[in-house]
Amino acid sequence: MAGEPSSFTKWNKPTAQQQFETQILKDNTDDRRRIQLTAPLATEIPVIDVHRFVSATDAEVFELHSALGSWGCFQVVNHGIEKSLLDKVRQIGREFFQLPRSEKQKYATNGDEDEGYSTDLRQVEEEMLKLLAKSLSLSDEKIFVRKTEVMYAQFNYYPPCPKPERVLGLREHADASLITILLQDDRVEGLQLLKDGTWFSVPIMPHALLVIAGDQLEIMSNGIFKSPVHRVIRVSSETERCTLAVFCSPDFMEEIEPLDELVVHGHRPRMFNKVTNYIGFYYPYFYKGKRAIDALRI
Ligand SMILES: O=C(O)CCC(=O)C(=O)O
Ligand SMILES: [Fe+2]
């Protein structure tokens, strides 16, 4: 139906997740609760300059570490992807969703070729994963790089909404991924993050990428990093909002658990049980409005 949020996914290993995402978007329109549209701006989310971070001071590394333990995300600038390319990606997303439904349908299963931006995003992903290992002081800075095999890109499109206080764009959830790299819309806000029981708006930085910790990172970091609950509200009755989310995860059949190095007897005991195919494990909980990660807590 015209006017509903929709998504177009393109990833290297199509699975049931695609259907799941469609379901989330359908569910959103059933939310009839009044939504609080104004929220304080999350100005404390740190902005990390990737180039500078190579020679970051201990204080900067600590800032990243503590942001991921509280907000569960950070903004990244100087990531190496051309601004013009990011603008083009957003433009392609908007143009795609403006096509008639019959046209969009033609692309629905066309998910196995490479796009120009996917290589660039893989490099950014690797840099981010190395930053995470660095901020956890892990001995192997590539541990998360080696464990992250799946990249799944999804455009989210939120049309203008005449009753934004009635309809969510995307209902509250935490991501099942290890990390999510989000290219926000450059004009319309909408992403809100739950911290200590309060919703905060995530500020727009037009050419920054927002890195969000997913549940699998919370598990592997033995709870040091938090996978934040977030949602999308539809603030504008005039302008559409388009974002690109890239979900980065281990192979589905990989067993994940807290990294040995982060389990410290007597100080930081193991906080989560092992799980295989976390993505598959996650959905049934999501549908019930619960968090899968809670079922793994020891
Ligand atoms: O569109 C957004 O701002 C966030 C999307 C999101 O949270 C998701 O796709 O999981
Ligand atoms: Fe999300």
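Each chain has its residues counted from 1, running along the sequence as written. Here the convention is simple: chains get letters from A, ligands get numbers from 1, in the order in which they are written. Owing to the predicted nature of the model, reporting of local features is limited to residues with pLDDT of at least 70; listing and counting of side-chain atom pairs is limited to 80 or more, with chain, interface and lining totals taken over all residues. Side-chain descriptors were evaluated using all non-hydrogen atoms of the structure, hydrogens and water having been removed beforehand.

Per an unreviewed UniProt entry, the chain is named Fe2OG dioxygenase domain-containing protein, and its organism is Perilla frutescens var. hirtella. UniProt positions are given in the numbering used here, feature names are shortened, and annotations may be inferred rather than shown by experiment. The UniProt entry for the chain carries the following comment under Sequence similarities (unreviewed entry): "Belongs to the iron/ascorbate-dependent oxidoreductase family."

Where do I start with empty space enclosed by the protein in this structure?
Left-over empty space is what a probe sized like a water molecule reveals as it rolls over the atoms. Using a grid of 1 Å spacing that covers the protein atoms alone, one calls a set of points a cavity when a 1.4 Å probe fits there but cannot get out, and a pocket when the set is open and has protein on both sides within 12 Å along at least five of seven lines; lining residues are those with an atom within 4 Å of a point. Grid points are joined across faces, edges and corners, and a volume is the space filled by probe spheres set on the points. As enumerated under the stated definition, the model contains five cavities of 30 Å³ or more in all. Volume-wise, the second largest cavity comes out at about 50 Å³. Around the second largest cavity, the lining comprises eleven residues; the ones closest to its centre are Leu86, Val89, Leu121, Leu183 and Leu244. A helix here means a DSSP run of H or I that spans at least four residues, while a strand means a run of E at least two residues long, and both kinds are numbered starting from the N terminus. Contributing elements (two or more residues each) for the lining of the second largest cavity: helix H4 (83-98), helix H6 (116-135), strand E6 (179-183) and strand E11 (241-249). Ranked by the residues each element gives to the lining of the second largest cavity, the list is headed by H4, at three residues.

What is the right way to read the environment of glycine 214 from this model?
Counting through the fold element by element, glycine 214 comes out in the loop between strand E9 (209-213) and helix H8 (215-220). In the structure, glycine 214 is positioned eleven residues away from phenylalanine 225 in sequence and 9.1 Å away in space, judged by C-alpha atoms. We call two residues in contact when some of their heavy atoms are within 4.5 Å. In this structure glycine 214 touches Asp175, Ser177, Leu178, Ile179 and Ser227, once residues within four positions along its chain are discounted.

What's the story with the site of ligand 1 in this structure? I'm lost.
Around ligand 1, a shell composed of 14 residues is seen, among which Tyr158, His173, His230, Arg241 and Thr243 lie nearest. Here an oxygen atom of ligand 1 sits 2.7 Å away from a polar atom, N or O, in the side chain of tyrosine 158. Polar contact criterion, stated in full: a pair of N or O atoms within 3.5 Å, where within protein one must be able to donate a hydrogen and the other to accept it, and residues adjacent in sequence count only if both atoms are side-chain atoms. In this structure, arginine 241 approaches ligand 1 through a side-chain N or O atom, which is 2.9 Å from an oxygen atom. For the area figures, the Shrake-Rupley method with a 1.4 Å probe applies, and any residue is considered shielded solely by the protein chains shown. Burial of ligand 1 by the protein amounts to 97% of the accessible area it has alone, namely 290 Å². Looking at the shell around ligand 1, the elements that each hand over two or more residues are strand E4 (150-158), strand E5 (168-173), strand E10 (230-233) and E11. The greatest single-element share of the shell around ligand 1, amounting to four residues, is contributed by E11. Under this grouping Gly is polar, as are all residues other than the nonpolar Ala, Val, Leu, Ile, Met, Phe, Trp, Tyr, Cys and Pro and the charged Asp, Glu, Lys and Arg. Across the shell around ligand 1, the residue classes break down as seven nonpolar, five polar and two charged. It suffices for a single heavy atom of a residue to lie within 4 Å of a molecule or strand for the residue to be listed as near it.

Would you mind going over the coordination of the iron ion (ligand 2) with me for this structure?
Think of it this way: four donors in a tetrahedron around the metal ideally sit 109.5 degrees apart, and six in an octahedron ideally sit 90 or 180 degrees apart. The coordination sphere of the iron ion (ligand 2), as far as protein atoms go, consists of His173 (NE2), Asp175 (OD) and His230 (NE2), spread over 2.1 to 2.2 Å. Note: metal donors comprise N, O and S atoms at 2.8 Å or less from the metal (3.2 Å for Na, K and Ca); water molecules are not included, so apparent gaps in a site are possible. Counting residues between consecutive donors of the iron ion (ligand 2) along the chain gives the motif H-x1-D-x54-H. For the pair shown, histidine 173 and aspartate 175 are each scored as buried. Relative accessibility decides the category of a residue: with a 1.4 Å probe and only protein chains considered, values under 20% of the type maximum give buried, values over 50% give exposed, and everything between is partly exposed.

Can you walk me through the environment of leucine 259 in this structure?
Structurally, leucine 259 is set in the loop between strand E12 (255-256) and strand E13 (275-276). Taking the C-alpha atoms as reference, leucine 259 lies 8.5 Å from isoleucine 219; in sequence the two are 40 residues apart. For leucine 259, the residues in contact, after removing those within four places along its chain, are Leu138, Ile143, Phe144, Lys147 and Met220.

What's the story with the UniProt feature "domain: Fe2OG dioxygenase" (unreviewed entry) in the chain in this structure? I'm lost.
UniProt marks residues 149-250 with the feature "domain: Fe2OG dioxygenase" (unreviewed entry), using the numbering shown here. With 6% helix and 46% strand, the stretch residues 149-250 has end C-alpha atoms that lie 5 Å from each other.

What is the right way to look at the state of the cysteines in this model?
Note on terminology: a disulfide is the covalent bond linking the sulfur atoms of two cysteines. Pairs of cysteine sulfur atoms within 2.5 Å are identified as disulfides in what follows. Applying the stated criterion across every chain yields a total of zero disulfides. Free of any disulfide, cysteine 73 has its nearest neighbouring cysteine sulfur in cysteine 248, separated by 15 Å. Here cysteine 161 stays unpaired: no disulfide links it, and the sulfur of cysteine 242, its closest cysteine neighbor, is 16 Å away.

Please clarify how the packing of aromatic side chains should be interpreted in this entry.
When we look at a pair of aromatic rings, we describe it by the centre distance and by the angle of the planes. Aromatic rings from Phe, Tyr and Trp, with only the six-membered ring used for Trp, were paired whenever their centres fell within 6.5 Å, and each pair was classed as stacked if the ring planes differed by under 30 degrees, edge-to-face if by over 60, and tilted otherwise. Under the definition given, this model contains ten aromatic pairs. Between phenylalanine 97 and tyrosine 157 the ring centres are 4.9 Å apart and the planes differ by 10 degrees, which places this aromatic pair in the stacked class. On the criterion of sequence distance, the pair formed by phenylalanine 97 in helix H4 and tyrosine 157 in strand E4 is long-range, its members being 60 residues apart. Both residues of the pair, phenylalanine 97 and tyrosine 157, count as buried. Here the aromatic rings of tyrosine 278 and phenylalanine 281 are separated by 6.0 Å at their centres, their planes lie at 40 degrees, and the arrangement is tilted. One end of the pair, tyrosine 278, and the other, phenylalanine 281, are both in helix H9 (residues 278-287), three residues apart, so they sit about a helical turn from each other. The exposure class assigned to tyrosine 278 is buried, which follows from its relative accessible area of 2%.

What exactly am I supposed to notice about the confidence of the model for the chain here?
Fine structural detail should not be taken from predicted coordinates in areas where pLDDT scores are low. Confidence scores labelled pLDDT are given residue by residue by the predictor and lie between 0 and 100. With 83% of its residues at a pLDDT of 70 or more, the chain has an overall mean of 84. Per-element confidence in the chain is highest for H8, whose mean pLDDT is 98, and lowest for helix H1 (residues 17-28), whose mean pLDDT is 43. Here residues 9-32 scores under 50 on pLDDT; set against residues more than four positions off or in separate chains, the count is 60 contacts. The low-confidence segment residues 109-116, where pLDDT is below 50, has five contacts with residues more than four positions distant or belonging to other chains. Here the predicted complex carries an ipTM of 0.99, next to a pTM of 0.86.

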